[in-house]
Amino acid sequence: MTTTGNMRVTVAHHPGVSMMTGTPKEVQRSLGGSPADRVLVVAFDHIQPLVFDALAENFTNVASSLFEVLRERHDQASLERLAEVLVPRTPPSPRLLREAAMLVQARKAVLESGDWLTAADLAQLAGLSARNPSAQPNKWKKQGSIFAISHRGVDYFPGYGLDRHADFRPLKALARIIETFAGHKDGWGMAYWFSSDNSFLGGKRPQDLLASAPEQVIEAARDEVQDIAHG
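Given the structure is predicted, the values throughout are model-derived calculations rather than measurements. (Residues numbered from 1 in each chain as written. Predicted model: local features only at pLDDT ≥ 70, side-chain atom pairs only at ≥ 80, totals over all residues. Heavy atoms only, no water.)

## Section: the overall build of the chain
Part 1 of the reasoning: Along the chain, the regular secondary structure elements total ten helices and eight strands.
Part 2 of the reasoning: Counting only residues that meet the buried cut, the chain has 30% of its 231 residues in that class.
Part 3 of the reasoning: Once local pairs closer than 6 in sequence are excluded, the contacts in the chain between residues at least 24 apart make up 52%.
Part 4 of the reasoning: Split by element, the accessible area of the chain, about 15,800 Å² in all, is 53% carbon and sulfur. (Helix = DSSP H or I, 4+ residues; strand = E, 2+ residues; numbered from the N terminus. Buried < 20%, exposed > 50% of the residue type's maximum accessible area, 1.4 Å probe, protein only. Contact = heavy atoms within 4.5 Å. Areas by Shrake-Rupley, 256 points an atom, 1.4 Å probe, with all protein chains shown as cover.)

So this is what it looks like as structure tokens:
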């Protein structure tokens, strides 16, 4: 095993096989100086370090053994079939790629559309207990007084859903809207709706009118549900 920065390169028993582990950028930098004729990349998302290390070691041993056998037999076709087994059967469809790109853009727009607060941020803003800052925001969420979006494993609460004149507690109208959307929209679905221009509201965004014209926003939510039911 050799180390370059955070890059670990494990050389298997066969001199023709090596295993590189690290981030995509680290591997890419290392491959820039690699003399290898062929490269097989196996990527993992959200994997524990110990599990990853065990898999890397096993993959190296298996690849080394198979390479030894196949090279001795001069069986290029078998080597190609082995590579096919280790990669997805089919590439993502263009439709799936388009949908993924649209989802990324939509979520990015939501995150940039207003103030999104963690439970700790909300607790500090509302003057809640610092000992367990997430307790009350999570209780509000469970009660349906406010909603949250989950981003990278963290819940974020909408700043526009808080009443600035009532110690930053959830606006009363928000609970009625959440109830209206129950079974129709999850947290992200409501976030999309609140941040989008709404024809029922004269082209304005629901989040901009929630505090000043709550009844109109509630009616817009009911209209949205009717459209969904008849859509």
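Next comes the rest of the write-up.
## A few points about the layout of surface pockets
Part 1 of the reasoning: Estimated volume of the second largest pocket: approximately 250 Å³.
Part 2 of the reasoning: Residue assignment for the lining of the second largest pocket shows that the elements contributing at least two residues are strand 7 (162-163) and helix 9 (206-209). (1 Å grid on protein atoms, 1.4 Å probe; cavity = no way out; pocket = protein on both sides within 12 Å on 5 of 7 lines; lining within 4 Å. Points joined across faces, edges and corners; volume = space filled by probe spheres on them.)

## Let's talk about the side chain of Asn198
Part 1 of the reasoning: Inspection of the secondary structure puts Asn198 in the loop between helix 8 (187-195) and helix 9.
Part 2 of the reasoning: For Asn198, a relative accessible area of 9% puts it in the buried group.
Part 3 of the reasoning: Not counting residues within four places of it along the chain, the set of residues in contact with Asn198 comprises Trp193, Gly203, Lys204, Pro206 and Ala220.

## Side note on the confidence of the model for the chain
Part 1 of the reasoning: On average, residues of the chain carry a pLDDT of 83, and 81% of them reach 70 or more.
Part 2 of the reasoning: Scored below 50 in pLDDT, residues 1-14 shows 31 contacts in the model against residues more than four places distant or in partner chains. (pLDDT = per-residue confidence, 0-100.)

## Re the pattern of salt bridges
Part 1 of the reasoning: The final tally for this structure, using the stated rule, is six salt bridges.
Part 2 of the reasoning: Close ionic contact of Glu99 with Arg95 constitutes a salt bridge, the shortest N to O distance being 2.8 Å. Taken as a pair, Glu99 and Arg95 lie in helix 4 (residues 94-111) at a separation of four residues, close to a single helical turn.
Part 3 of the reasoning: The salt bridge partner of Glu224 is Lys185, with a shortest N-O separation of 3.3 Å. Taken as a pair, Glu224 in helix 10 (residues 214-230) and Lys185 in the loop between helix 7 (172-181) and helix 8 lie far apart in primary sequence, 39 residues in all. (Salt bridge = Lys/Arg side-chain N within 4 Å of Asp/Glu carboxyl O.)

## Focus: the environment of Ala106
Part 1 of the reasoning: Its place among the elements puts Ala106 in helix 4.
Part 2 of the reasoning: Ala106 gets classed as partly exposed once you look at its relative accessible area, which sits at 28%.
Part 3 of the reasoning: Placed 89 residues apart in sequence, Ala106 and Ser195 show a C-alpha to C-alpha distance of 10.0 Å.

## A closer look at the packing of helix 4 against helix 8
Describing two packed helices takes the angle between their axes plus the distance from one axis to the other.
Part 1 of the reasoning: At a closest axis distance of 10 Å, the pairing of helix 4 and helix 8 adopts a crossing angle of 65°. By the angle class used here, helix 4 and helix 8 are roughly perpendicular. When you trace helix 4 past helix 8, the crossing you get is left-handed. On helix 8, the residues touching Leu103, Ala106, Arg107, Val110 and Leu111 of helix 4 are Trp188, Ala191, Tyr192 and Ser195.
Part 2 of the reasoning: Residue composition of the contact of helix 4 with helix 8, grouped by class: seven nonpolar, one polar and one charged. (Axes fitted to C-alpha atoms, helices over the stretch in contact; angles between N-to-C directions. Parallel < 35°, antiparallel > 145°, perpendicular 65-115°, else oblique. Left-handed = near helix turned anticlockwise from the far one by under 90°. Nonpolar A, V, L, I, M, F, W, Y, C, P; charged D, E, K, R; others polar.)

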